[in-house]
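# Observations on chain architecture
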Amino acid sequence: FQVQATVVGFLASIAAVVFGWIPDGHFSMDHAVLLCASSVATAFIASLVLGMIMIGVIIGSKKMGINPDNVATPIAASLGDLITLALLSGISWGLYKELEGRAYANPLVCAFFLSLLPIWIIIARRNSATREVLYSGWEPVIIAMAISSVGGLILDRTVSDPNFAGMAVFTPVINGVGGNLVAVQASRISTYLHMSGEPGEGPGTAPRKCPSPCSTFCSSDVNSRSARVLFLLVVPGHLVFLYTIHSMQGGHTTLTLIFIVFYMTAALLQVLILLYIADWMVHWMWGRHLDPDNFSIPYLTALGDLIGTGLLALSFHVLWLIGDRDSDVGD
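Residues numbered from 1 in each chain as written. Predicted model: local features only at pLDDT ≥ 70, side-chain atom pairs only at ≥ 80, totals over all residues. Heavy atoms only, no water.

Where an unreviewed UniProt entry is consulted, the chain appears under the name Solute carrier family 41 member, with the organism given as Molothrus ater. The Function (unreviewed entry) field of the UniProt record for the chain holds the comment "Acts as a magnesium transporter." (UniProt positions renumbered as here; feature names shortened; annotations may be inferred.)

So, in C-alpha cells, the structure goes:
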C-alpha cells in the first residue's frame, strides 16, 4: 500500500497541476513542486497511519464478535478523509513557509519519498498476498483517482461561483455517506461470495448481466435485505448532518424545506444508483476471477464522489433557477 500511496500521490499532484494550469494558463514550478511534495508526503504518511489503524480495528472486531465488513470499511473511509485532509493542510502549510528561505526543501521531500519506492517494492514482492496487489491493484486505484478528479472539477467550477459557494460544506457529507454505505454493501456481497470459494467459483461464476432493480432491492436475498437497510439509513443520517451543519452555522445556506427536499432527493438518488451498481459490479468482477475487495470499492467510492457532486451541483443550480436564493450565500 505504501507503493500505491506514493505513486498515486505523485500522479494526483501532476493531475492537479495540469487541471489548474489548463484553465488559467499560468504555471509556477515552485508551486508545482510544493504540491507534489505535499501530496506524496501526505499519501505516504496517511496510508501508513490508516494501515495500522485498520489492522487494529479488524482484529478488535473479530475478538468482539462484530462483522468487520460493517465496521472496518466505514471507519477507513471516514478516517481516511479526516487524516488525509488534516495532514495535507499541515504539511502543505509547513512546506509553503519554506519556499522563501529554503526552496530546496520541497524537491528534497519529494525526492526522499520517491526514493523509498524500490524498498517498498522489494518488501511487497516477498509476500505472496501483497505480491498480487502489487501487480494487479493499479488499474482500479488510478482509474478511481481519475473519476474523483472529474468530481473535483465539478466542485471547483460550482463553488467558484459566489452564488453556489455554500455547496462546499455539503459535498463531503453527501459523498462520505454515499461512499461509506456502498463500501459496506460491496464488502458484504464480496464476503458472501468468498464463503463459497475463490473468485470465479460458486454462485457468481458467470459474469453477471445488469440485474433488475427488483432483484437488487426487493428480493428475499440477504444482500437485497442489506441494500434496503442501507438505503433506509440515508434520510436519518443526512438529517443529523444537516442539523449539525445548521447548528454550527456552516454552509452559508439556509435550510429551507425546499432545500432539504432537493438535497435529500440527490442523496437518495446517489445511494440508489451506487447500491445498484455495486450489486452488478461485485458479481461481474467475481465472475471475471477478480477479487471484489481489491477492485470494486475504489471504483464505487470514486463513482460516489462523482455522482454525489454532480447531483448536488445540479440541485443548487435548480434551486437558484426556481428562486430559492440565500442572501448569505458566499458571505
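## Comments concerning the packing of aromatic side chains
This model, assessed by the stated rule, comprises 9 aromatic pairs. Plain terms: the ring middles of Phe 259 and Phe 316 are 5.7 Å apart, the flat faces sit at 80° to each other, and that makes the pair edge-to-face. Within this pair, whereas Phe 259 is found in helix H12 (residues 257-287), its partner Phe 316 is found in helix H13 (residues 292-321), the two being separated by 57 residues in sequence. For Phe 259, a relative accessible area of 2% puts it in the buried group. Feature note: the residues Phe 170, Phe 259, Tyr 263 and Phe 316 constitute an aromatic cluster, connected by ring pairs. (Phe/Tyr/Trp six-rings, centres within 6.5 Å; stacked < 30°, edge-to-face > 60°. Helix = DSSP H or I, 4+ residues; strand = E, 2+ residues; numbered from the N terminus. Buried < 20%, exposed > 50% of the residue type's maximum accessible area, 1.4 Å probe, protein only.)

## Digging into the UniProt feature "transmembrane region" (unreviewed entry) in the chain
Using the residue numbers shown here, the UniProt feature "transmembrane region" (unreviewed entry) corresponds to residues 6-22, 34-59, 71-96, 103-123, 135-155, 229-245, 257-278 and 299-322. The span residues 229-245 is 94% helix and 0% strand, and its two end C-alpha atoms sit 25 Å from each other. Secondary structure content for residues 299-322 is 96% helix and 0% strand, while the C-alpha to C-alpha distance between its ends is 34 Å.

## Quick word on the packing of helix H10 (residues 222-232) against helix H11 (residues 234-247)
Running from N to C, H10 and H11 point in directions that differ by 25°, and their axes come no closer than 4 Å. One finds that H10 runs roughly parallel with respect to H11. Contact residues: H10 offers Leu 230, Phe 231 and Leu 232, while H11 offers Val 234, Val 235 and Pro 236. Looking at the contact of H10 with H11 residue by residue, the classes come out as 6 nonpolar, no polar and no charged. (Axes fitted to C-alpha atoms, helices over the stretch in contact; angles between N-to-C directions. Parallel < 35°, antiparallel > 145°, perpendicular 65-115°, else oblique. Contact = heavy atoms within 4.5 Å. Nonpolar A, V, L, I, M, F, W, Y, C, P; charged D, E, K, R; others polar.)

## Here we look at the side chain of Thr 309
Within the fold, Thr 309 resides in helix H13. The exposure class assigned to Thr 309 is buried, which follows from its relative accessible area of 2%. In terms of polar contacts, Thr 309 uses its side chain to reach the backbone carbonyl oxygen of Asp 305, at 2.7 Å. The contact partners of Thr 309, leaving out residues within four places of it in the chain, are Gly 151, Ile 154, Leu 155, Met 167, Thr 171, Asn 175 and Gly 304. (Polar contact = N/O pair within 3.5 Å; in protein donor to acceptor, adjacent residues only side chain to side chain.)

## Thoughts on the nonpolar core
Generally speaking, nonpolar side chains in soluble globular proteins are found buried as a group. Of all hydrophobic cores here, the largest spans 47 residues; its most connected members are Phe 170, Tyr 263, Met 281, Leu 300, Leu 303, Leu 312 and Phe 316. Of all the elements in the fold, those that place two or more residues in this core are helix H7 (138-159), helix H8 (167-194), H10, H11, H12 and H13. No other element matches H12, which puts 14 residues into this core. Once residues lying within four places of it in the same chain are set aside, the contact partners of Leu 303 are Ile 147, Leu 274, Ile 277, Met 281 and Gly 308. Grouped together as the second largest cluster of nonpolar side chains are 12 residues, Cys 36, Leu 99, Phe 113 and Leu 116 included. (Core = buried A, V, L, I, M, F, W, Y, C linked by side-chain atoms within 4.5 Å.)

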